[in-house]
Amino acid sequence: MNARIALSAAGVAAALLLSAPLKGQAGASTPSVTTTVDTPNPWMQLMTKAAAHAKDHGAATPLLSPVDRSVVRMKNTAADAPLVPVAELQAKGIRVVPWTTNDPEAMRAVIRTGVDGLISDRPDLLQKVLADERAARPDDAKLKTFVVSAHRGGRGLRPENTLPSFESGLDQLATELETDTGVSTDHVSVIWHDQFFNPQACRKADGSEYTMANRVYLRDLSSKDAQKMFVCDKVHFGADQKNDAALSPVTVAFSAKEGRPNIYSPTYVAELFRFVRFYVEYYSVGPGKGTPQAEERAANARTVRFNIETKVLPDRLPQAVAGAQDPNVPAELYKNQTLPPQAFVDALTGVILKEHMEGRAAIQSFDFRTLQLIEEQHPKIQTFYLTDNSKLLSSDFVPATLRLP
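Numbering of residues starts from 1 in every chain and runs along the sequence as written. Predicted model: local features are reported for residues with pLDDT of at least 70 only, side-chain atom pairs are reported and counted for 80 or more only, and whole-chain, interface and lining totals are derived from all residues. To obtain the side-chain values, all non-hydrogen atoms of the structure were used and water was disregarded.

Enquirer: I would appreciate a short explanation of the state of the cysteines in the present structure.
Expert: Think of a disulfide as a covalent bridge from one cysteine sulfur atom to another cysteine sulfur atom. Our working definition of a disulfide is a cysteine sulfur pair at a distance within 2.5 Å. All told, the structure shown has 1 disulfide when counted by the stated rule. The residue that forms a disulfide with Cys 202 is Cys 232, at a sulfur-sulfur distance of 2.1 Å. Between Cys 202 and Cys 232 the sulfur-sulfur dihedral comes to about 95°; the bridge is accordingly right-handed. Remark: Cys 232 occurs in the loop between strand 7 (230-231) and helix 9 (249-258) and Cys 202 occurs in the loop between strand 5 (189-191) and strand 6 (203-204); sequence separation between them is 30 residues. Burial here depends on accessible area, computed with a 1.4 Å probe over protein chains only, as a share of the maximum for the residue type. Under 20% is buried, over 50% is exposed, and the range in between is partly exposed. Exposure remark for Cys 232: the relative accessible area of 2% places this residue in the buried category. Comment: elements are numbered from the N terminus, with helices defined as DSSP H or I runs of at least four residues and strands as E runs of at least two.

Written as structure tokens, this is what we have:
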């Protein structure tokens, strides 16, 4: 089967099941001036309920992370689709950080809605746009604290969700590293986007054939065996994505210190936390101390935040997704091959608490069951509600307590 297979189901299914179509700047589009008004607004309804749940359990007000085309009307925004009411949500204390914008003009349009941050495959381009916006509006308080979130470490520049991608994100002075997790057989929060190690991005370390036909699910391997079995260094996102080890000196040094099989071996959350600490040392007291931007890089990495997604697939897909199933995609790929939400919560919160990262690590998900468990059991950890098509908010994709009428 072609590893570049893409689902024609709803966007959320694509985000949960497989990587979105992996093309350079796949989500870019040009904003238009058309607007629509829809009352009551679905995002306001959802986040009002979510905020009430968090408050009832002593948790911080959750954030909303909507797809960018639901914030600004773009070419791929449905004509009748309501838009996220950014200012109204912020007035209720709900911050808004959309995903995933890669085109500079689209970035500019989204930033000008007043959002609190932006998730991007190209944090380098986002930093340039943000610098222009800050120069144009030096007194804009939101721009001073704007979150630059490197999607999967910044997969437009390095192979996604690998230590070199996170190193690149830090090199671009991203203030947040966004990533995804599954749960391995040793109950470790392994970093990867899909339910399986995708042959589009990964190869077998021993050189044996690896295709969709013999794909390996994260739940079927331990974290250590995953590192021994796979090298996820394939370049498939565009001309700017590189896998040259010379571009990742911190990862090279860290991998040697830790005895990692390859700089592109799969990583996991605890290792990512260690890597970021190592990055700080590398540029403050280590070999990188005298290099350009060393001081700035170390200072940023000391406070960088982590936005970690639980890639849990619902037990039953709503009709909006299952009904649009691509007949060329094996039915197995639409089924849940992950562990239950509580297993994700236990693995991820366990490492966050152990590493004392409650103040820097947030958990995001399309699976709101996970977020409600976090708010109930670990109220000190921030939650992000990920959304795509607003129509899914009224389906059984969403827990009954949050489902819209």
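Enquirer: What should I look at first to understand the nonpolar core in this one?
Expert: We define the nonpolar core as a collection of buried residues of types Ala, Val, Leu, Ile, Met, Phe, Trp, Tyr and Cys that are connected through side-chain atoms lying within 4.5 Å of one another. Counting residues in hydrophobic clusters, the biggest one holds 82 residues, and the most contacted among them are Phe 146, Phe 306 and Ile 352. No other element matches helix 10 (residues 269-284), which puts 11 residues into this core. The contact rule is simple, with two residues in contact once any of their heavy atoms fall within 4.5 Å. Once residues within four sequence positions are removed from consideration, Phe 146 is found in contact with Ile 111, Val 115, Asp 116, Gly 117, Leu 118, Leu 126, Leu 130, Arg 134 and Thr 175. Cys 202, Leu 218, Ala 226 and Phe 230 belong to the second largest nonpolar core, which has 12 residues in total.

Enquirer: Explain the side chain of Gln 364 to me, please; I cannot follow it from the model alone.
Expert: The topology assignment puts Gln 364 in strand 9 (residues 361-365). Residue Gln 364 is classed as buried on the basis of its relative accessible area, which comes to 0%. For this analysis, a polar contact is any N or O atom pair within 3.5 Å, provided that within protein one partner can donate a hydrogen and the other can accept it, and provided that sequence-adjacent residues contribute only side-chain to side-chain pairs. There is a polar contact of 2.7 Å between the side chain of Gln 364 and the side chain of Glu 178. Not counting residues within four places of it along the chain, the set of residues in contact with Gln 364 comprises Ser 65, Glu 178, Thr 179, Asn 307, Ile 308, Glu 309, Thr 310, Leu 371, Phe 384 and Leu 386.

Enquirer: Help me understand helix 14 (residues 368-377), please; the structure alone is not making it clear to me.
Expert: Working note: α-helix, 3.6 residues per turn, so residues spaced by three or four point in the same direction. Most of helix 14 sits inside the fold, with 7 of its 10 residues counted as buried. Packed against the buried residues of helix 14 are helix 2 (42-56), strand 8 (305-310), helix 13 (341-354), strand 9 and strand 10 (382-387).

Enquirer: Help me understand the pairing of strand 3 (residues 147-151), please; the structure alone is not making it clear to me.
Expert: Side-chain positions along a regular strand alternate between the two faces of the sheet. Burial within strand 3 is extensive, with 5 of its 5 residues counted as buried. Strands qualify as paired when DSSP identifies two bridges or more between them. One ladder, built from 4 bridges, connects strand 2 (residues 117-120) with strand 3; its direction is parallel. The residue of strand 3 that forms the bridge with Ser 120 is Ala 150. Pairing geometry for strand 3 and strand 4 (residues 176-183), over 3 bridges, is parallel. When the sheet's bridge partners are listed, Ser 149 is paired in strand 4 with Glu 176. A crossover gets the label right-handed when its path from the first strand over the helix to the second runs clockwise, viewed with the strands pointing away from the viewer. Handedness of the strand 3-helix 7 (residues 163-171)-strand 4 crossover: right-handed.

Enquirer: Would you mind showing me how to read the packing of helix 9 against helix 10 here?
Expert: Helix packing for two helices is described by the angle between their axes and how far apart those axes are. At a minimum axis distance of 10 Å, the contact between helix 9 and helix 10 shows a crossing angle of 115°. When you trace helix 9 past helix 10, the crossing you get is right-handed. Taking contact as the criterion, the partners of Pro 249, Val 250, Thr 251, Ala 253, Phe 254, Lys 257 and Glu 258 in helix 9 are, on helix 10, Glu 271, Arg 274, Phe 275, Phe 278, Tyr 279, Tyr 282 and Tyr 283. Under this grouping Gly is polar, as are all residues other than the nonpolar Ala, Val, Leu, Ile, Met, Phe, Trp, Tyr, Cys and Pro and the charged Asp, Glu, Lys and Arg. Here the residues of the contact of helix 9 with helix 10 sort into 9 nonpolar, 1 polar and 4 charged. Note on method: axes are straight lines fitted to C-alpha atoms, helices fitted across the in-contact stretch only, with angles between N-to-C directions ranging 0 to 180 degrees. Two helices crossing with the near one rotated counterclockwise from the far one by less than a right angle form a left-handed crossing, whereas a clockwise rotation gives a right-handed crossing.

Enquirer: Is there a simple way to explain the environment of Leu 272 in this structure?
Expert: If you trace the backbone, Leu 272 turns up in helix 10. On the accessibility criterion, Leu 272 (1% relative accessible area) is buried. Excluding anything up to four places from it in sequence, Leu 272 contacts Leu 163, Phe 166, Ile 191, Thr 267 and Phe 306.

Enquirer: Would you mind going over the environment of Ala 174 with me for this structure?
Expert: Positionally, Ala 174 belongs in the loop between helix 7 and strand 4. Residue class for Ala 174 comes out buried when judged on its relative accessible area of 0%. Residues Ala 174 and Asp 124, 50 residues apart in the sequence, show an inter-C-alpha distance of 8.4 Å. Non-local contacts of Ala 174, meaning those with residues more than four positions away in its chain, are made with Gln 127, Val 148, Ala 150, Gly 169, Asn 300 and Val 304.

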